[in-house]
Amino acid sequence: MNEVILNEESLPFESIRQVKNNLPTFFAIIREFSQYKINEIRVSENFSTGWYGNRITQDYYFRDYFEYLKVDSGIVKGIIEKTVTPQIEKGYFEDESKKVNFFLKKQKVVSLGNAYLLSKYSLSFLSKEIWYKDEVTFKKQLIKNDKLTEEYASAKNISTLENWHCCKEVIELEWKESSRKGVALLKNTAEYFPNLVFCKELRKQIKDLSIGTAMYNCLWSNLKALNFAIEQSTNLDKFRNTLQKDYSDESDKTKKNPKLNRRRKYTLPTGEKKFFYLHIKNFPCNHRLHFLPDFNIQKVYVGYFGTHLPT
(Lines give C-alpha, C1' and ligand atoms only; values in the text may rest on other atoms or scores of the structure.)
Protein backbone atom coordinates (compact mmCIF):
# COMPACT_ATOMS: atom_id res chain seq x y z
CA MET A 1 0.00 0.00 0.00
CA ASN A 2 1.76 3.12 -1.24
CA GLU A 3 -1.12 5.58 -1.00
CA VAL A 4 -4.31 6.41 0.90
CA ILE A 5 -7.42 8.31 -0.18
CA LEU A 6 -8.27 11.31 1.96
CA ASN A 7 -11.89 11.05 3.06
CA GLU A 8 -12.82 14.64 2.35
CA GLU A 9 -16.43 13.97 3.33
CA SER A 10 -15.26 13.57 6.94
CA LEU A 11 -14.84 17.36 7.02
CA PRO A 12 -15.90 19.74 8.45
CA PHE A 13 -15.65 19.26 12.20
CA GLU A 14 -18.58 20.53 14.23
CA SER A 15 -16.53 22.69 16.62
CA ILE A 16 -13.03 24.06 17.21
CA ARG A 17 -12.92 22.11 20.47
CA GLN A 18 -13.48 18.90 18.52
CA VAL A 19 -10.69 19.91 16.13
CA LYS A 20 -8.20 20.51 18.94
CA ASN A 21 -9.12 17.21 20.65
CA ASN A 22 -9.00 14.96 17.57
CA LEU A 23 -6.77 16.46 14.89
CA PRO A 24 -3.47 15.62 16.70
CA THR A 25 -4.27 11.91 16.18
CA PHE A 26 -4.76 12.50 12.46
CA PHE A 27 -1.35 14.16 12.04
CA ALA A 28 0.37 11.64 14.33
CA ILE A 29 -0.76 8.89 11.95
CA ILE A 30 0.47 10.80 8.88
CA ARG A 31 3.90 11.30 10.45
CA GLU A 32 4.32 7.52 10.58
CA PHE A 33 3.38 7.01 6.93
CA SER A 34 6.94 7.27 5.60
CA GLN A 35 8.06 4.37 7.77
CA TYR A 36 5.50 2.22 5.96
CA LYS A 37 6.21 3.57 2.47
CA ILE A 38 2.88 5.39 2.19
CA ASN A 39 4.12 8.16 -0.06
CA GLU A 40 0.88 9.71 -1.27
CA ILE A 41 -2.30 11.11 0.25
CA ARG A 42 -4.58 11.44 -2.75
CA VAL A 43 -7.13 14.25 -2.76
CA SER A 44 -9.69 15.61 -5.20
CA GLU A 45 -9.31 18.81 -7.17
CA ASN A 46 -11.58 20.48 -4.58
CA PHE A 47 -9.02 20.03 -1.79
CA SER A 48 -5.97 22.28 -1.82
CA THR A 49 -2.76 20.25 -1.79
CA GLY A 50 -1.22 23.13 0.19
CA TRP A 51 -3.55 22.39 3.15
CA TYR A 52 -3.39 25.90 4.70
CA GLY A 53 -6.45 27.20 2.85
CA ASN A 54 -8.71 24.22 3.49
CA ARG A 55 -11.62 24.73 5.87
CA ILE A 56 -11.78 22.54 9.04
CA THR A 57 -14.97 24.03 10.48
CA GLN A 58 -17.27 26.64 9.01
CA ASP A 59 -14.93 29.47 10.08
CA TYR A 60 -11.65 27.75 11.01
CA TYR A 61 -8.88 26.79 8.59
CA PHE A 62 -5.83 24.54 8.69
CA ARG A 63 -3.64 27.65 8.76
CA ASP A 64 -5.36 28.62 12.02
CA TYR A 65 -4.68 25.20 13.46
CA PHE A 66 -1.02 25.17 12.43
CA GLU A 67 -0.53 28.64 13.92
CA TYR A 68 -2.38 27.72 17.14
CA LEU A 69 -0.12 24.72 17.76
CA LYS A 70 2.96 26.39 16.29
CA VAL A 71 3.43 23.23 14.20
CA ASP A 72 6.97 22.81 12.89
CA SER A 73 7.12 23.99 9.26
CA GLY A 74 9.13 20.89 8.33
CA ILE A 75 6.29 18.62 9.49
CA VAL A 76 3.74 20.64 7.53
CA LYS A 77 5.98 20.57 4.46
CA GLY A 78 6.26 16.78 4.73
CA ILE A 79 2.47 16.46 4.77
CA ILE A 80 2.10 18.80 1.79
CA GLU A 81 4.72 16.87 -0.19
CA LYS A 82 2.71 13.67 0.27
CA THR A 83 -0.52 15.27 -0.95
CA VAL A 84 -1.32 14.73 -4.63
CA THR A 85 -4.33 15.10 -6.87
CA PRO A 86 -6.54 13.63 -8.32
CA GLN A 87 -7.85 10.76 -6.22
CA ILE A 88 -8.15 8.59 -9.32
CA GLU A 89 -5.87 9.19 -12.27
CA LYS A 90 -7.39 9.80 -15.67
CA GLY A 91 -8.13 6.56 -17.51
CA TYR A 92 -9.28 4.58 -14.46
CA PHE A 93 -12.85 3.31 -14.35
CA GLU A 94 -13.95 5.49 -17.24
CA ASP A 95 -16.88 3.86 -19.01
CA GLU A 96 -19.47 6.03 -20.73
CA SER A 97 -22.05 3.24 -20.58
CA LYS A 98 -22.32 3.36 -16.79
CA LYS A 99 -22.28 5.80 -13.91
CA VAL A 100 -21.49 5.00 -10.28
CA ASN A 101 -22.44 7.03 -7.22
CA PHE A 102 -21.84 6.29 -3.55
CA PHE A 103 -24.00 7.37 -0.62
CA LEU A 104 -23.79 7.07 3.15
CA LYS A 105 -27.35 7.72 4.27
CA LYS A 106 -28.11 10.84 2.19
CA GLN A 107 -24.52 12.11 1.98
CA LYS A 108 -22.61 11.55 -1.24
CA VAL A 109 -19.26 9.94 -0.35
CA VAL A 110 -17.05 10.27 -3.41
CA SER A 111 -13.79 9.72 -1.52
CA LEU A 112 -14.95 6.48 0.10
CA GLY A 113 -16.20 5.31 -3.29
CA ASN A 114 -12.81 6.00 -4.85
CA ALA A 115 -11.07 4.13 -2.01
CA TYR A 116 -13.39 1.20 -2.70
CA LEU A 117 -12.73 1.28 -6.46
CA LEU A 118 -8.95 1.39 -5.95
CA SER A 119 -8.95 -1.12 -3.05
CA LYS A 120 -7.18 1.51 -0.92
CA TYR A 121 -7.57 2.68 2.66
CA SER A 122 -9.46 5.88 3.28
CA LEU A 123 -7.93 8.35 5.73
CA SER A 124 -10.63 10.04 7.81
CA PHE A 125 -10.91 12.90 10.27
CA LEU A 126 -12.56 12.06 13.61
CA SER A 127 -15.43 14.48 13.10
CA LYS A 128 -18.32 11.98 13.49
CA GLU A 129 -18.80 8.62 15.14
CA ILE A 130 -19.10 6.83 11.79
CA TRP A 131 -15.49 7.71 10.91
CA TYR A 132 -14.13 5.91 14.00
CA LYS A 133 -14.77 2.55 12.31
CA ASP A 134 -11.98 0.56 10.65
CA GLU A 135 -14.33 -0.23 7.75
CA VAL A 136 -17.16 1.97 6.51
CA THR A 137 -20.10 0.51 4.61
CA PHE A 138 -22.12 2.61 2.19
CA LYS A 139 -24.50 2.29 -0.74
CA LYS A 140 -23.28 1.93 -4.32
CA GLN A 141 -25.65 3.09 -7.05
CA LEU A 142 -24.90 1.97 -10.59
CA ILE A 143 -26.69 3.38 -13.62
CA LYS A 144 -26.28 1.28 -16.74
CA ASN A 145 -28.47 1.32 -19.81
CA ASP A 146 -30.82 3.70 -17.96
CA LYS A 147 -31.38 1.14 -15.19
CA LEU A 148 -30.52 1.86 -11.55
CA THR A 149 -29.15 -0.92 -9.36
CA GLU A 150 -28.11 -0.63 -5.72
CA GLU A 151 -25.79 -2.70 -3.59
CA TYR A 152 -23.57 -2.22 -0.57
CA ALA A 153 -19.85 -1.54 -0.74
CA SER A 154 -17.22 -0.81 1.89
CA ALA A 155 -13.82 0.80 2.28
CA LYS A 156 -11.17 0.12 4.90
CA ASN A 157 -10.61 3.17 7.03
CA ILE A 158 -7.80 4.77 9.05
CA SER A 159 -8.80 7.34 11.64
CA THR A 160 -7.75 6.18 15.12
CA LEU A 161 -4.44 4.95 16.48
CA GLU A 162 -6.08 1.56 17.02
CA ASN A 163 -7.13 0.98 13.40
CA TRP A 164 -3.83 2.49 12.21
CA HIS A 165 -1.94 -0.15 14.25
CA CYS A 166 -4.06 -2.86 12.61
CA CYS A 167 -3.30 -1.34 9.22
CA LYS A 168 0.45 -1.41 9.96
CA GLU A 169 0.23 -5.13 10.67
CA VAL A 170 -1.51 -5.70 7.32
CA ILE A 171 1.15 -3.67 5.49
CA GLU A 172 3.97 -5.66 7.08
CA LEU A 173 2.27 -8.94 6.11
CA GLU A 174 1.84 -7.67 2.54
CA TRP A 175 5.53 -6.76 2.40
CA LYS A 176 6.52 -10.26 3.44
CA GLU A 177 4.10 -11.82 0.96
CA SER A 178 5.15 -9.62 -1.97
CA SER A 179 8.81 -10.21 -1.17
CA ARG A 180 8.17 -13.95 -1.20
CA LYS A 181 6.34 -13.63 -4.52
CA GLY A 182 9.14 -11.47 -5.92
CA VAL A 183 11.77 -14.11 -5.16
CA ALA A 184 9.56 -16.82 -6.69
CA LEU A 185 8.95 -14.67 -9.76
CA LEU A 186 12.70 -14.23 -10.32
CA LYS A 187 13.34 -17.95 -9.95
CA ASN A 188 10.68 -18.78 -12.52
CA THR A 189 11.08 -15.94 -15.03
CA ALA A 190 11.77 -18.30 -17.93
CA GLU A 191 8.59 -20.22 -17.18
CA TYR A 192 6.30 -17.27 -16.49
CA PHE A 193 7.67 -14.78 -19.04
CA PRO A 194 9.89 -16.52 -21.63
CA ASN A 195 9.95 -13.47 -23.90
CA LEU A 196 11.00 -10.98 -21.22
CA VAL A 197 14.51 -10.18 -20.02
CA PHE A 198 14.80 -8.55 -16.61
CA CYS A 199 17.68 -6.10 -16.37
CA LYS A 200 19.80 -6.22 -13.23
CA GLU A 201 18.20 -3.02 -11.90
CA LEU A 202 14.72 -4.54 -12.17
CA ARG A 203 15.84 -7.84 -10.64
CA LYS A 204 16.93 -5.99 -7.52
CA GLN A 205 13.66 -4.06 -7.40
CA ILE A 206 11.59 -7.23 -7.66
CA LYS A 207 13.73 -9.05 -5.11
CA ASP A 208 13.10 -6.19 -2.65
CA LEU A 209 9.38 -5.83 -3.41
CA SER A 210 7.21 -4.26 -0.73
CA ILE A 211 3.86 -3.66 -2.42
CA GLY A 212 0.27 -4.64 -1.81
CA THR A 213 -1.69 -7.38 -3.52
CA ALA A 214 -3.46 -5.05 -5.96
CA MET A 215 -0.17 -3.55 -7.15
CA TYR A 216 1.45 -6.99 -7.49
CA ASN A 217 -1.49 -8.27 -9.54
CA CYS A 218 -1.26 -5.22 -11.80
CA LEU A 219 2.48 -5.81 -12.27
CA TRP A 220 1.87 -9.46 -13.14
CA SER A 221 -0.86 -8.54 -15.63
CA ASN A 222 1.35 -6.02 -17.43
CA LEU A 223 4.32 -8.38 -17.59
CA LYS A 224 2.08 -11.05 -19.11
CA ALA A 225 0.80 -8.52 -21.67
CA LEU A 226 4.35 -7.56 -22.67
CA ASN A 227 5.33 -11.21 -22.96
CA PHE A 228 2.41 -11.91 -25.29
CA ALA A 229 2.69 -8.73 -27.38
CA ILE A 230 6.35 -9.19 -28.34
CA GLU A 231 5.66 -12.78 -29.39
CA GLN A 232 3.07 -11.53 -31.88
CA SER A 233 4.98 -8.50 -33.19
CA THR A 234 7.73 -7.63 -35.63
CA ASN A 235 7.43 -3.84 -35.37
CA LEU A 236 6.33 -1.16 -32.94
CA ASP A 237 2.93 -0.54 -34.55
CA LYS A 238 1.95 -4.20 -34.31
CA PHE A 239 3.35 -4.34 -30.77
CA ARG A 240 1.28 -1.31 -29.70
CA ASN A 241 -1.93 -2.73 -31.14
CA THR A 242 -1.35 -6.12 -29.54
CA LEU A 243 -0.30 -4.81 -26.14
CA GLN A 244 -3.49 -2.76 -25.65
CA LYS A 245 -2.07 -1.06 -22.58
CA ASP A 246 -1.75 2.62 -21.75
CA TYR A 247 1.92 3.30 -22.45
CA SER A 248 3.88 6.22 -23.81
CA ASP A 249 7.31 7.55 -24.75
CA GLU A 250 9.19 10.23 -22.83
CA SER A 251 8.95 13.82 -24.01
CA ASP A 252 11.77 15.43 -26.01
CA LYS A 253 12.30 17.81 -23.09
CA THR A 254 12.99 14.90 -20.74
CA LYS A 255 15.27 13.15 -23.25
CA LYS A 256 17.36 16.29 -23.74
CA ASN A 257 17.88 16.81 -20.01
CA PRO A 258 21.06 14.87 -19.03
CA LYS A 259 20.07 14.57 -15.37
CA LEU A 260 16.62 13.18 -16.18
CA ASN A 261 17.96 11.05 -19.02
CA ARG A 262 20.38 9.17 -16.75
CA ARG A 263 17.48 7.98 -14.62
CA ARG A 264 16.12 6.08 -17.62
CA LYS A 265 19.29 4.18 -18.54
CA TYR A 266 19.45 0.49 -17.62
CA THR A 267 21.84 -2.40 -18.12
CA LEU A 268 21.32 -5.16 -20.70
CA PRO A 269 22.63 -8.69 -19.97
CA THR A 270 25.62 -7.90 -22.23
CA GLY A 271 26.63 -5.08 -19.92
CA GLU A 272 25.63 -2.42 -22.44
CA LYS A 273 23.48 0.41 -21.09
CA LYS A 274 20.51 1.71 -23.07
CA PHE A 275 17.73 4.22 -22.58
CA PHE A 276 14.32 2.82 -21.65
CA TYR A 277 11.88 5.55 -22.65
CA LEU A 278 8.74 3.49 -23.24
CA HIS A 279 6.70 2.93 -20.09
CA ILE A 280 3.36 1.44 -19.11
CA LYS A 281 1.25 3.84 -17.05
CA ASN A 282 -1.86 1.93 -15.94
CA PHE A 283 -0.68 1.32 -12.37
CA PRO A 284 -2.14 2.63 -9.13
CA CYS A 285 0.02 4.98 -7.01
CA ASN A 286 1.45 6.61 -10.14
CA HIS A 287 3.84 3.68 -10.71
CA ARG A 288 5.51 3.02 -14.06
CA LEU A 289 7.09 0.02 -15.83
CA HIS A 290 9.89 0.98 -18.25
CA PHE A 291 10.75 -1.39 -21.09
CA LEU A 292 12.66 -1.70 -24.38
CA PRO A 293 11.43 -4.07 -27.13
CA ASP A 294 13.91 -5.79 -29.45
CA PHE A 295 12.07 -7.02 -32.53
CA ASN A 296 15.14 -8.75 -33.99
CA ILE A 297 15.08 -11.40 -31.27
CA GLN A 298 11.44 -10.83 -30.19
CA LYS A 299 12.33 -10.06 -26.60
CA VAL A 300 11.37 -7.22 -24.28
CA TYR A 301 13.97 -5.87 -21.87
CA VAL A 302 12.34 -4.60 -18.68
CA GLY A 303 14.44 -2.10 -16.75
CA TYR A 304 12.43 -0.35 -14.08
CA PHE A 305 9.33 -0.72 -11.93
CA GLY A 306 8.44 1.92 -9.37
CA THR A 307 7.11 5.41 -8.80
CA HIS A 308 6.99 7.92 -11.65
CA LEU A 309 10.54 8.99 -12.52
CA PRO A 310 11.28 12.74 -12.29
CA THR A 311 10.36 14.90 -15.30
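The residue numbers shown here count from 1 along each chain, following its written sequence. Local features in this predicted model are restricted to residues whose pLDDT is 70 or higher, and side-chain atom pairs enter the listing and the counts only when it is 80 or higher, whereas totals over whole chains, interfaces and linings include all residues. Note that the side-chain values use all heavy atoms of the structure and ignore hydrogens as well as water.

**Q** Which parts of the structure should I look at to understand the overall build of the chain?
**A** Numbered from the N terminus, helices here are DSSP runs of H or I no shorter than four residues, and strands are runs of E no shorter than two. Within the chain, the regular secondary structure consists of 11 helices and 17 strands. Taken along its principal axes, the extent of the C-alpha atoms in the chain is 70 × 50 × 40 Å. Classification of the 311 residues of the chain by burial places 46% in the buried group. Residues are treated as being in contact if the distance between any of their heavy atoms lies within 4.5 Å. In the chain, the share of contacts with a sequence separation of at least 24, taken over all contacts with a separation of at least 6, comes to 69%. To measure how exposed things are, a 1.4 Å probe is used in the Shrake-Rupley method; for residues, cover is taken only from the protein chains shown. Surface accessibility of the chain: about 16600 Å² in total, with carbon and sulfur atoms responsible for 48%. Within the chain, the 38 negative side-chain charges are centred at a point lying 4 Å from the centre of the 50 positive side-chain charges. Only protein chains enter the calculation, and the probe is 1.4 Å; a residue is then buried if its accessible area is under 20% of its type maximum, exposed if over 50%, and partly exposed in between. We score Asp and Glu as negative and Lys and Arg as positive, and we do not count His or the chain ends. Every charge is mapped to an atom, namely NZ of Lys, CZ of Arg, CG of Asp or CD of Glu.

**Q** Would you mind going over the pattern of salt bridges with me for this structure?
**A** Side chains that carry opposite charge are capable of pairing whenever their charged atoms lie near each other. Salt bridge, as applied in this entry: a Lys or Arg side-chain nitrogen positioned within 4 Å of an Asp or Glu carboxyl oxygen. Applying the stated rule across the entire model yields 12 salt bridges. The residue Lys140 makes a salt bridge to Glu151 at a minimum N-O spacing of 3.7 Å. Placement of Lys140 in strand 9 (residues 135-144) and of Glu151 in strand 10 (residues 147-158) is noted, with a sequence separation of 11 residues between them. Among the ionic pairs, Glu177 bridges to Arg180, the shortest N-O distance being 2.6 Å. Taken together, the residues span about one helical turn, with Glu177 and Arg180 both in helix 5 (residues 161-187) at a distance of 3 residues.

**Q** Can you help me understand the pairing of strand 10 in this one?
**A** Along any regular strand, the residues point their side chains to alternate faces of the sheet. Two strands make a pair as long as DSSP finds a minimum of two bridges between them. Pairing of strand 8 (residues 122-123) with strand 10 involves 2 bridges; the strand directions are parallel. Opposite Ser122, over in strand 10, you have Asn157 as the bridge partner. Of the pairings in the sheet, the one linking strand 9 to strand 10 comprises 10 bridges and is antiparallel in character. The residue of strand 10 that forms the bridge with Ile143 is Leu148. The antiparallel pairing of strand 9 with strand 10 creates a hairpin that spans 2 residues between the two strands, and Asn145 there sits at a positive phi of about 55°.

**Q** Hey, could you run me through the side chain of Lys120 in this one?
**A** By the secondary structure assignment, Lys120 is in the loop between helix 4 (110-118) and strand 8. For the buried Lys120, no salt bridge exists, and the shortest N-O distance to an oppositely charged side chain is 4.2 Å, to Glu3. Residues within four places of Lys120 in sequence aside, it is in contact with Glu3, Ile5, Ala115, Lys156, Pro284 and Cys285.

**Q** Which parts of the structure should I look at to understand the packing of aromatic side chains?
**A** Think of a pair of aromatic rings as described by two things: how far the centres are apart, and how the planes are tilted against each other in angle. Pairing of aromatic side chains requires ring centres within 6.5 Å, counting the rings of Phe and Tyr and the six-membered ring of Trp. Pairs whose planes differ by under 30 degrees are stacked, by over 60 edge-to-face, and all others tilted. Scanning all chains against the criterion turns up 31 aromatic pairs. Note on Phe13 and Phe125: the rings are 6.1 Å apart at their centroids and 75° apart in plane angle, and the pair reads as edge-to-face. Linking Phe13 in the loop between strand 1 (3-6) and helix 1 (16-32) with Phe125 in the loop between strand 8 and strand 9, this pair joins segments that are 112 residues apart in sequence. Judged by relative accessible area, which is 4%, Phe13 ranks as buried. Their ring planes at 50° and their centres at 5.9 Å tell us that Phe239 and Phe291 sit as a pair that is tilted. With a gap of 52 residues between them, Phe239 in helix 9 (residues 236-243) and Phe291 in strand 16 (residues 287-294) connect regions that are remote in the sequence.

**Q** What is the right way to look at helix 2 (residues 62-69) in this model?
**A** Think of an α-helix as 3.6 residues a turn; residues three or four steps apart then line up on the same face. For helix 2, the complete set of buried residues consists of Phe62, Tyr65 and Phe66. All buried residues of helix 2 fall inside an arc of 95° around its axis, so they share one side. The elements touched by buried residues of helix 2 are helix 1, strand 3 (55-57), strand 4 (60-61) and helix 3 (73-82). Backbone geometry just downstream of helix 2 places Lys70 in the positive-phi region, at approximately 50°. For this quantity, the arc is that covered by the directions from the helix axis to the C-beta atoms.

**Q** I tried to follow the sheet that holds strand 11 (residues 196-198) on my own but got confused; where do I start?
**A** Within a sheet, each strand pairs with its neighbour through backbone hydrogen bonds, oriented either parallel or antiparallel. One open sheet accounts for 5 strands, arranged 11-17-16-15-12; its pairing is mixed. Where the open sheet ends on each side, the last strands, each with one partner, are strand 11 and strand 12 (247-248). Summarising the sheet, strand 12 and strand 15 (residues 278-280) pair through 2 bridges and their orientation is antiparallel. Note on strand 15: the bridge partner recorded for Ser248 is His279. Lying on the sheet, helix 8 (residues 213-231) is in contact with strand 11, strand 15, strand 16 and strand 17 (299-307); it crosses strand 16 at an angle near 15°. With axes taken as lines fitted to C-alpha atoms, and helix axes fitted only over the stretch in contact, angles between N-to-C directions fall between 0 and 180 degrees.

**Q** It is not clear to me how unusual backbone geometry should be interpreted in this structure. Could you clarify?
**A** With glycine set apart, most residues show a phi of negative sign, and most peptide bonds adopt trans. A cis amide bond links Leu11 with the next residue in sequence, Pro12, at an omega value of 5°. As for its position among the elements, Pro12 is in the loop between strand 1 and helix 1. Thr85 connects to Pro86 through a cis peptide bond whose omega is 5°. Counting through the fold element by element, Pro86 comes out in the loop between strand 5 (83-84) and strand 6 (98-104). Phi at Ser119 takes a positive value of approximately 55°, unusual for a residue other than glycine. Judged by its relative accessible area of 57%, Ser119 falls in the exposed class. Positive phi, close to 50°, is recorded for Gln298, a residue that is not glycine. Examined against the element boundaries, Gln298 turns out to sit in the loop between strand 16 and strand 17. A relative accessible area of 30% means that Gln298 is categorised as partly exposed.

As far as function goes, none of this settles anything; it's purely spatial.
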